Amino acid sequence: MIDLFSQQRHAELCEEINRHNRLYYNQDQPEISDAEYDALFRELQEIEAAFPELVTPESPSQKVGALPTEKFAPSIHAIPMLSLKNAKNAEDFRDFDSSIRENFLARSTALEYVCEMKLDGVAVELTYVDGKLLKASTRGDGFVGEDITENVKTIAEIPHTLAPPFPELLDVRGEIFIELDDFQALNRAQESAGDKTFANPRNAAAGSLRQLDAKITAKRPLKIFCYGVGRMQGIETSSQIETLQLLDRLGLPVNLQETNCVLGADQVISVYRQLQERRNTLPFEIDGVVVKVNETALQQELGAVSRSPRWAIALKFPPRQAQTIVESIGLQVGRTGAITPVAHLKPVIVSGVTVSRASLHNWDEITRLDLHIGDHVIVERAGDVIPDVVKVLPELRTGKEQPIQQPKVCPECNTPVHWNPDEVVPRCSNPYCPAQTIERIKHFVSRDAMDIEGLGEKQLAQLIERGKVTDVADLYLLTRDDLFAMDRMGDTLAEKLLTAINASKTRPLSRLLFALGIRHVGKNTAKILARRFASLDQLAECSVDQLVAIHEIGDKVAKSIVDYFASPEKIMLLEKLHRAGVQPQTEAVIQQDGPLTGKVFVITGTLSNWSRKEAEELVEKAGGRASGSVSKKTDYVLAGENAGSKLEKAEKLGVEVIDETTFARMVGVSL
Ligand code: IVH
């Protein structure tokens with residue numbers, strides 16, 4: 001029989017441990033020491049050993065810390081959520097205006113435009129069926145977002161039911177944001193609770209929406225402005241402004257007061273200038289004006305290119321600047337040993353956000369700016385990125401400013417640095433430098449590389465410190481005992497980590513290539529290589545000449561790849577990975593000697609037999625290459641229905657245009 005005291009204590013412990021897990025894993029802000037945590041955990045295990053009926057799947061003893069295991073479900077947008085092209089000043093906007101009028105609408109008179117504030121938050125889609133809020137999702141990649149319905153339902157401003165009469169089906173698009181005052185209050189509250197503060201209102205909004213516990217979202221001061229629709233059935237509108245008025249009438253928050261319907265580019269630019277003047281007095285951060293062609297019929301005529309509509313543009317404000325003082329220079333050691341300088345600043349508020357560090361990129365930048373410690377500087381913040389130092393104010397110097405010394409030794413391991421004359425950064429030449437090792441492994445396990453979940457900085461630091469991991473191959477030699485020896489590692493978590501590490505052994509070759517951190521081989525280059533080479537061995541045998549023969553590979557990349565596979569240390573590492581069972585999946589699709597070897601195809605228009613992607617794959621399987629734009633180097637243009645400017649260009653350049661039947665014959669498939 002469980003006694004009441006044990007039962008109650010068990011519940012308390014579960015709650016307490018879960019809270020500490022969140023603080024430690026998700027917020028990087030532990031409140032208690034590891035020893036105190038272990039004591040709580042042991043007490044929990046003791047109670048559970050005595051009363052096994054208390055062991056539920058919810059108990060922290062059965063769970064994987066607070067690692068983001070329960071991800072949000074994917075949610076497909078019925079109509080893709082496009083993004084916007086940017087205009088960075090009035091002149092850019094005039095170009096946009098004349099281009100759409102002249103090139104696409106053959107119109108000399110002014111167009112009607114709707115100007116909306118461009119809020120900096122998180123784009124979401126709300127789906128209402130029969131007037132009821134059924135689903136909410138993030139924008140994601142535009143095609144698939146994350147289902148955040150439960151969280152969105154806690155936002156007071158968002159109605160759960162629409163005011164009748166409503167469309168039977170409606171996808172509403174809008175921006176969820178946090179006002180500047182609310183943001184500061186939230187950060188103060190986070191700070192006093194010992195929780196992590198947010199870098200800017202946008203991150204705070206995004207972080208609040210992605211909470212796994214909707215109760216936390218409910219407490220956050222989230223707001224929304226709706227600015228568009230996806231599917232809409234049952235009611236029709238014939239212009240953007242009518243759509244906004246409809247959304248407003250349905251009870252959705254719309255920033256109608258600050259929306260202007262104007263005629264022609266001059267009036268747009270005047271709205272833009274006025275808003276820029278008022279930017280500092282607004283309760284929220286805006287980064288520009290979204291300008292949309294008002295009439296729906298014209299929008300349809302204009303259509304979209306790649307992933308943005310031709311009928312709208314984001315007319316951006318120049319980045320915010322502020323003046324402050326450089327207090328010191330910090331040094332960061334990257335995974336290739338590059339030592340980059342970072343300016344530590346006297347904290348200054350730039351668009352509602354406190355800034356205390358700025359990137360300096362490299363040592364040439366310091367010379368170019370003639371930067372000294374103690375200098376007054378202008379920093380500039382574009383969006384949510386770390387600000388740049390754009391200018392030094394030498395007139396404010398007092399004479400006490402100190403020159404910035406270039407490092408002679410690595411700040412992490414004290415090894416003398418090596419400075420290659422044609423590089424802008426010095427490098428730590430110690431291949432065993434702990435800072436480099438951890439950065440290399442962090443890169444190896446990262447989401448776009450081998451995607452091993454659960455090995456964060458803290459876990460890696462422990463493994464490295466204990467000598468369990470000295471290179472990426474050691475990850476595959478870790479035993480259950482090695483993992484158990486780590487802080488806060490229970491049965492389930494250790495099991496999960498081992499499974500994750502194991503699963504990564506057979507990732508596609510492109511991921512391994514990227515994960516290895518070969519210089520100049522980014523995600524894209526890795527993909528290109530993996531399509532050409534069936535294995536690492538095949539790639540390793542390649543010469544610089546053979547590599548540069550691949551269209552997208554330049555000299556620098558080719559040389560770096562050849563150097564990598566020639567280095568004895570790397571050869572040993574690759575052998576070790578191989579011995580440990582790492583066997584990447586081949587993705588090679590391009591035949592070295594197919595019927596179309598060396599031929600460049602451009603595919604345009606709508607095909608009736610394949611999607612564009614499928615047609616491109618057929619080209620590559622036959623040894624050819626698919627390109628996005630027509631040039632003199634193009635051999636064939638495969639034109640489907642409604643082929644537009646690419647077809648015209650092909651005709652102008654005299655490139656051979658083929659139809660689907662000819663194409664099928666060339667790639668050797670029957671229709
Ligand atoms: S319209 C096809 N209107 O800006 C139209 N977007 O770069 C696409 N945004 O993802 C969006 N305010 O997050 C539109 N009034 C507004 C907006 C707005 C902010 C954001 C939105 C979108 C991004 C596009």
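Here is a short report on the structure shown in this document.

Parameters at a glance
- Residues numbered from 1 in each chain as written.
- Predicted model: local features only at pLDDT ≥ 70, side-chain atom pairs only at ≥ 80, totals over all residues.
- Heavy atoms only, no water.
- Salt bridge = Lys/Arg side-chain N within 4 Å of Asp/Glu carboxyl O.
- Buried < 20%, exposed > 50% of the residue type's maximum accessible area, 1.4 Å probe, protein only.
- Helix = DSSP H or I, 4+ residues; strand = E, 2+ residues; numbered from the N terminus.
- Pairing = 2+ DSSP bridges.
- Contact = heavy atoms within 4.5 Å.
- Axes fitted to C-alpha atoms, helices over the stretch in contact; angles between N-to-C directions.
- Patch = residues over 30% accessible without salt bridge, like charges linked within 9 Å, V, L, I, M, F, W, Y side chains within 5 Å.
- Areas by Shrake-Rupley, 256 points an atom, 1.4 Å probe, with all protein chains shown as cover.
- Near = heavy atom within 4 Å.
- Polar contact = N/O pair within 3.5 Å; in protein donor to acceptor, adjacent residues only side chain to side chain.
- Nonpolar A, V, L, I, M, F, W, Y, C, P; charged D, E, K, R; others polar.
- Right-handed = clockwise from strand over helix to strand, strands pointing away.
- Expected span 1.5 Å × (residues − 1).
- Arc of directions from axis to C-beta.

**Observations regarding the pattern of salt bridges**
- The final tally for this structure, using the stated rule, is 29 salt bridges.
- Across the pair Asp92 and Lys88 runs a salt bridge whose closest N-O atoms are separated by 3.8 Å.
- According to the relative accessible area criterion, Lys88 is exposed, its value standing at 60%.
- With a shortest N-O distance of 2.9 Å, Lys523 and Asp448 are connected by a salt bridge. Pair noted here: Lys523 is in helix H17 (residues 523–532) and Asp448 is in the loop between helix H12 (434–445) and helix H13 (457–465), with a separation of 75 residues, a long-range link.
- Residues joined in a network through salt bridges with shared partners are Arg9, Glu12 and Glu43.

**Regarding the sheet that holds strand E9 (residues 260–263)**
- Taken together, the 5 strands give an open sheet; going across it, the order is E2-E13-E10-E3-E9, and neighbouring strands pair in mixed fashion. Two strands in the sheet have a free side with no partner beyond their single neighbour: strand E2 (86–87) and E9.
- Those strands touched by helix H3 (residues 90–105) are E2, strand E3 (112–119), strand E10 (286–293) and strand E13 (312–316), and its axis lies near 170° from that of E13.
- Sitting on the sheet, helix H8 (residues 240–249) touches E3 and E10, and the angle it makes with E3 is about 50°.

**Quick word on the sheet that holds strand E7 (residues 169–177)**
- Strand order across the open sheet formed by 4 strands is E5-E4-E7-E8, with antiparallel pairing between neighbours. For this open sheet the edge positions go to strand E5 (132–138) and strand E8 (223–233), each flanked by a neighbour on one side alone. Here the strands of the sheet are splayed against their neighbours by 25° on average, with no regard to which way each runs.
- Here E7 pairs with E8 via 8 bridges, running antiparallel.

**Observations regarding a nonpolar patch on the surface**
- There is a patch of nonpolar side chains on the surface, built from Ile76, Phe143 and Val144 and spanning about 280 Å² of accessible area.
- Secondary-structure assignment places Val144 in strand E6 (residues 144–146).

**Structural notes on unusual backbone geometry**
- With an omega of -10°, the peptide bond between Pro164 and Pro165 qualifies as cis.
- Locating Pro165 in the fold gives a position in the loop between helix H4 (149–152) and E7.
- Phi angles above zero are rare outside glycine, and His520 is one such case at about 70°.
- Relative to the elements of secondary structure, His520 occurs in the loop between helix H16 (509–515) and H17.
- Of the residues examined, His520 reaches a relative accessible area of 37% and is grouped as partly exposed.

**A few points about the environment of Lys400**
- Assignment of secondary structure puts Lys400 in the loop between strand E19 (388–392) and strand E20 (402–403).
- Residues Lys400 and Leu119, spaced 281 residues apart in sequence, show a C-alpha to C-alpha distance of 42 Å.

**Overview of the site of the ligand**
- What surrounds the ligand is a group of 13 residues, the closest being Glu116, Ala123, Glu175, Tyr227 and Lys292.
- In this structure, Glu116 approaches the ligand through a side-chain N or O atom, which is 2.7 Å from a nitrogen atom.
- The contact in question runs from an oxygen atom of the ligand to an N or O atom on the side chain of Glu175, over 2.5 Å.
- Notes on the ligand: free accessible area 520 Å², of which the protein chains cover 86%.
- At the level of elements, E3 and E10 are the ones that each hand at least two residues to the shell around the ligand.
- Broken down by element, the residue count for the shell around the ligand peaks at 4 residues, all from E3.
- Here the residues of the shell around the ligand are counted per class, giving 8 nonpolar, no polar and 5 charged.

**Focus on the pairing of strand E23 (residues 600–604)**
- For E23, a buried count of 5 out of 5 residues is recorded, marking the element as mostly surrounded by other parts of the structure.
- Burial along E23 is two-sided: Val600, Val602 and Thr604 and Phe601 and Ile603, pointing in opposite directions, are all buried.
- When E23 meets strand E24 (residues 625–627), the two strands line up parallel, connected through 3 bridges. Each residue of the ladder has a partner; that of Val600, found in E24, is Arg625.
- With respect to chirality, the unit in which E23 leads through helix H22 (residues 612–621) into the neighbouring parallel E24 is right-handed.

**Comments concerning helix H20 (residues 555–566)**
- The first and last C-alpha atoms of H20 sit 16 Å apart over 12 residues, in line with the 16 Å expected at 1.5 Å per residue.
- Residues Val557, Ala558, Ser560, Ile561, Tyr564 and Phe565 constitute the buried set of H20. When H20 is viewed along its axis, its buried side chains cluster within an angular range of 165° and face the same direction. In H20, the exposed residues that point more than 90 degrees away from the buried face are Asp555, Lys556 and Ala566.
- Where the residues of H20 are buried, they touch H17, helix H18 (536–540), helix H19 (544–548) and helix H21 (568–579).

Everything listed here is a matter of geometry and, on its own, says nothing about what the molecule does.
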